[in-house]
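Fold and contact review
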Amino acid sequence: MLHPNPVPTPLLRHSLLEEKGIELAIKRLDLVNSGVTGNKFFKLKYNLEKAKNEGKNRILTFGGAFSNHIYATAEAAKAENLASIGIIRGERTEPLNSTLAHAEELGMELYYIDRNEYRNKTDPEFLATLQDKFGDFYLIPEGGTNDLAIKGTQEILDSEDYQFTHICSSIGTGGTFAGLYASLSEHQKLLGFSSLKGEFIHKEIADLIEKNNLESQGSYEIFTNYHFGGYAKHKQELIDFTWWFYENFEVILDPIYTAKMAFGIWDLVNKGYFPKDSKILMIHSGGLQGNIGFTERTGIELPIPSK
Ligand SMILES: *Cc1c(COP(=O)(O)O)cnc(C)c1O
């Protein structure tokens, strides 16, 4: 089984926070494991355990060419001595970008399908054709969210985190948010910052909560106004914020998820959303492998972690 490192949760120091009388800390899940980082560690751990228990020797999953999920699945499968197959949306382009090159180095077999075919990613008939092609596999859906992922993300918060009044998380598919929600204590509110454009996420989250019979002692609120144009989009304002955050706090964020959340939190602090004496915990869900690919794709420099 994958083992987590204890992660630091430093307090961020800034005059604005002092002025507002609130505390802001960041839980560094980007440091939870040297290979499988961020929220993906929690989403994958029980899935890999189940794959092994079922005697499967390969994992198959889906993702885009810069996907943190693909990268993390390749790492996790390698750590657990399982083979892995990544079904990648789009065409193979050489040289491979840093995400896919790394996944391939870890032994993941990459198989490309076009955008139309990719839409069949949950269709049983299509999955059966993949079974014929690759042999029996353990399927992890695109983005990695399923019941076992949510079981894993319920372990993100630990007993020391119950001192916080607000927990903040970025949202992609919502699997991380759902697990966090289920693990709140009574006085806690979970704030979610959607990386994707649109209001659909409200229903998506409500469905995840219902389908997984999740109960919570706490409450939640989702913000859909910090997506900066949408999933793979970016704006200079967010890039500037990422650098500002790094220079002030020495923490690297990624522009797809964590920077949008941190920007949103900062904006809410500025606007007086948080009552005095609030203790806010932001979850750093990782994703820093993507910064290299982001720079490859856009030419825009971002801080990157030194290995
Ligand atoms: C995958 C990912 C998310 C989104 O997680 P969901 O469980 O799909 O909502 C958030 N942050 C980072 C850094 C990620 O890689």
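Scroll up a little and you will see the structure.
This text gives an overview of the structure that appears in the document. Residue numbering note: each chain is counted from 1, following its sequence as written. Per-residue local features are limited, in this predicted model, to residues with pLDDT of at least 70; the limit for side-chain atom pairs, both in listing and counting, is 80 or more; totals at the level of whole chains, interfaces and linings are taken over all residues. For the side-chain quantities, the full set of heavy atoms in the structure was used; hydrogens and water were omitted.

The next point concerns the site of the ligand. Every one of the 15 residues lining the ligand counts as a neighbour, but K40, K43, T173, T176 and S285 are closest to it. N or O atoms closer than or at 3.5 Å make up a polar contact, with two conditions inside protein: a donor-capable atom paired with an acceptor-capable one, and, for residues adjacent in sequence, both atoms drawn from side chains. A distance of 2.6 Å is found between an oxygen atom of the ligand and a side-chain nitrogen or oxygen belonging to T173. Between the ligand and G174 there is a distance of 2.8 Å, counted from an oxygen atom to a backbone nitrogen or oxygen. Helix numbering and strand numbering both begin at the N terminus, where a helix is a DSSP run of H or I of at least 4 residues and a strand a DSSP run of E of at least 2. The dominant element in the shell around the ligand, judged by the number of residues it contributes, is helix α2 (residues 39–53), at three residues. Classes in brief: Ala, Val, Leu, Ile, Met, Phe, Trp, Tyr, Cys and Pro nonpolar; Asp, Glu, Lys and Arg charged; the others, Gly included, polar. Looking at the shell around the ligand residue by residue, the class counts come to two nonpolar, 11 polar and two charged. Note that the domain bounds were set by an automatic or database domain assignment. Two domains each donate at least three residues to the shell around the ligand, and these are domain 1 (15–35 + 146–298) and domain 2 (39–144). Throughout, near means a residue has at least one heavy atom within 4 Å of the molecule or strand.

With that settled, consider the packing of helix α3 (residues 68–79) against helix α4 (residues 98–105). Here α3 crosses α4 at 15°, and the two axes come no closer than 9 Å. Relative to α4, the element α3 is oriented roughly parallel. Considering the relative orientation of α3 and α4, their crossing is left-handed. Note on element contacts: α4 touches α3 through T99, L100, H102 and A103, opposite I70, Y71, A74 and E75. Orientation is described by axes fitted as lines to C-alpha atoms, over the contacting stretch for helices, and by angles from 0 to 180 degrees between their N-to-C directions. Put simply, angles under 35 degrees are roughly parallel, angles over 145 are roughly antiparallel, angles from 65 to 115 are roughly perpendicular, and the rest are oblique. Crossings are assigned a handedness: left-handed for a near helix turned anticlockwise from the far helix by less than a right angle, right-handed for a clockwise turn. Contacts were defined at the residue level, with two residues in contact if any of their heavy atoms lie within 4.5 Å.

The subject of this paragraph is the side chain of K43. As for its position among the elements, K43 is in helix α2. In this scheme, a residue with accessible area under 20% of its type's maximum is buried, one over 50% is exposed, and one in between is partly exposed, where area comes from a 1.4 Å probe on protein chains only. Just so you know, the count uses Lys and Arg for positive and Asp and Glu for negative, and it drops His and the chain ends. Salt bridges are counted wherever a side-chain nitrogen of Lys or Arg sits within 4 Å of a carboxyl oxygen of Asp or Glu. Although K43 is buried, it forms no salt bridge, and the closest oppositely charged side chain is E142 at an N-O distance of 11 Å. A polar side-chain atom of K43 sits 2.9 Å from a polar atom in the side chain of T145. Residues contacting K43, with those up to four places away along its chain left out, are G143, G144, T145, A149, T153, T173 and T176.

Sheet architecture is open: five strands sit in the order β1-β9-β6-β7-β8, paired in parallel fashion. Two strands bound the open sheet, and with one partner strand each, they are β1 (23–28) and β8 (219–223). Ignoring strand direction, the axes of neighbouring strands in this sheet form an average angle of 25°. Where strand β6 (residues 166–171) lies against strand β9 (residues 279–284), three bridges are found, and the strand directions are parallel. Across the sheet, the residue bridging to C168 is M282, located in β9. Strand pairing requires that DSSP identify at least two bridges connecting the strands.

Regular strands have side chains that alternate between both faces of the sheet. Counting buried positions over the six residues of β1 gives five, a clear majority of the element. Sheet analysis places β1 next to β9, joined by six bridges and oriented parallel. From the neighbouring strand, L24 faces β9, where its bridge partner is I280.

Attention now moves to the packing of aromatic side chains. Ring pairs are drawn from Phe, Tyr and Trp, using the six-membered ring of Trp, whenever the two centres fall within 6.5 Å, and their geometry is named by plane angle: stacked under 30 degrees, edge-to-face over 60, tilted for the rest. Taken as a whole, this structure holds 21 aromatic pairs when the rule is applied. Centre to centre, the rings of F223 and Y226 are 6.3 Å apart; their planes meet at 55°, and the pair counts as tilted. An identical accessibility class is assigned to F223 and Y226; each is buried. Considering the side-chain rings of W243 and Y246, the 6.1 Å spacing of their centres and the 75° angle between planes classify their relative orientation as edge-to-face. On the criterion of helical spacing, the pair formed by W243 and Y246 is a turn pair, its members being three residues apart in helix α10 (residues 236–249). Of the residues examined, Y246 reaches a relative accessible area of 31% and is grouped as partly exposed. Ring-pair connections join several aromatic residues into one group, and the members of that group are F193, F223, Y226, F228, F241, W244, F245, F249, F263, W266, Y273 and F274. A ring is scored as having a charge over it whenever the NZ atom of a lysine or the CZ atom of an arginine sits within 6 Å of its centre and within 35 degrees of its normal. For the cation-ring pair, K40 lies above Y257, with the distance from its terminal atom to the ring centre recorded as 5.8 Å. Over the ring of F66 we find R297, and its NZ or CZ is 5.5 Å from the ring centre.

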